[in-house]
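# A structural walkthrough
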Amino acid sequence: MTAGAHAGRRRRWRAVVALVLGIVLTVGGVWAAVSLDLLPESVSGDAGCTPTTVQVAVVPALAPTLEKATSALADECRDFDVVRRTTARVVRGVSNGEQLPDVWIPDATWPLEALSTAGAETEVVSEGIASTPVVLVGGPAAESRTASWGDALQSGQVALPDPTTSTVGVMTLVASQAEAAEVGRTEAEATALLAPVAQAYGERRADGVTDDVSLASITASASRLVPATEQDFITAHRVNGGLQAIVPGSGAMRVTFPVVASAEADACLLYTSPSPR
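Not measured: the values here are computed from a predicted model.

So, about the pattern of salt bridges. Applying the stated criterion across every chain, the model contains four salt bridges. Across the pair E98 and R89 runs a salt bridge, and its minimum N-O distance is 3.3 Å. A cluster of three or more residues bridged by salt bridges with shared partners is formed by D151, E179 and R185.

For the rest of this paragraph, the subject is the environment of V90. Inspection of the secondary structure assignment puts V90 in helix α3 (residues 87–95). In this structure the C-alpha to C-alpha distance between V90 and P106, which are 16 residues apart in sequence, comes to 8.7 Å. Ignoring sequence-local partners within four residues, the contact set of V90 consists of A57, R85, L100 and W104.

A few words on the pairing of strand β1 (residues 52–58). Across the seven residues of β1, five count as buried, placing the element largely inside the fold. When β1 meets strand β2 (residues 78–84), the two strands line up parallel, connected through seven bridges. Bridge assignment links A57 to a residue of β2, and that residue is V83. Crossover β1 to β2 through helix α2 (residues 63–73) is right-handed. The pairing of β1 with strand β3 (residues 103–105) spans three bridges and is parallel. Bridge pairing in β3 links V56 to V103.

With that settled, the discussion passes to the side chain of T132. Position of T132 relative to the elements: it lies in strand β4 (residues 122–138). Residue classification places T132 among the buried positions, given a relative accessible area of 5%. Engagement of the side chain of T132 in a polar contact is seen with the backbone nitrogen of E230, the distance being 3.4 Å. A distance of 3.2 Å separates the side chain of T132 from the backbone nitrogen of Q231, its partner in a polar contact. Beyond its immediate chain neighbours, meaning those up to four positions away, T132 contacts T229, E230, Q231, M253, R254, V255 and F257.

Attention shifts here to helix α6 (residues 167–178). Across its 12 residues, α6 extends 15 Å between first and last C-alpha, which sits within 8% of the 16 Å expected from 1.5 Å per residue. The set of residues buried in α6 consists of T167, V168, G169, M171, T172, A175 and S176. For α6, the side-chain oxygen to backbone nitrogen distance between the N-cap and V168 is 3.3 Å, and the N-cap itself is S166.

About the cut-offs
Residues numbered from 1 in each chain as written. Predicted model: local features only at pLDDT ≥ 70, side-chain atom pairs only at ≥ 80, totals over all residues. Heavy atoms only, no water. Salt bridge = Lys/Arg side-chain N within 4 Å of Asp/Glu carboxyl O. Helix = DSSP H or I, 4+ residues; strand = E, 2+ residues; numbered from the N terminus. Contact = heavy atoms within 4.5 Å. Buried < 20%, exposed > 50% of the residue type's maximum accessible area, 1.4 Å probe, protein only. Pairing = 2+ DSSP bridges. Right-handed = clockwise from strand over helix to strand, strands pointing away. Polar contact = N/O pair within 3.5 Å; in protein donor to acceptor, adjacent residues only side chain to side chain. Expected span 1.5 Å × (residues − 1).

Structure representation (structure tokens):
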């Protein structure tokens, strides 16, 4: 590696570190032993530096926070190109030959294995800079209480997001198994609850029917429930005040947002941030 390339990667990793710190300060997280003098070098940039642009992809739910953080961190040595991408969109793009962004903030870590299979190696810079509960969202006519995720699925009122492209969709399917012991179901009983949901979903897909499971599609008279993150609910509620968020009695599962970086930089330049607490 040439000295110039090495220096460029160092600047890029300092930008990644600064970005993680900026996001944490923006969302108000509490971090252990974080201060600029603990970093390998200043993250403020080099005098007379060559400008570095860091490509960043982020899930829409966290995009406003990230855009605020990157705006505050940009300077003459460092800029951020932020694009909104769903987790599935990034995975699909890399699988089709697109380049992995320098920094990626998905809503799960499960896609990392798929990226590795596609030849894109990554480093987890932070296990989670934020998290948000998964809730069931409905209109005024929807049932306002449900004892468990299993009961909600069994009711036939849950409009399932595509589990092949949605982390919330995946978590909705596994929720009934995760809560099984707590609500007095066996694992086999919890699994059996998924059969009618999966069958109905598969039949609609086979018929070419794509359900609109966006929160904007929920009407005042609709009885269906749409799984979504609490953050997405809050955003939608600003537009439609009739929406209600329902947390099953067994509790809410949580979506966590890790920070993932392309592993092209030298390992010695990777700064792993302390975990939020």
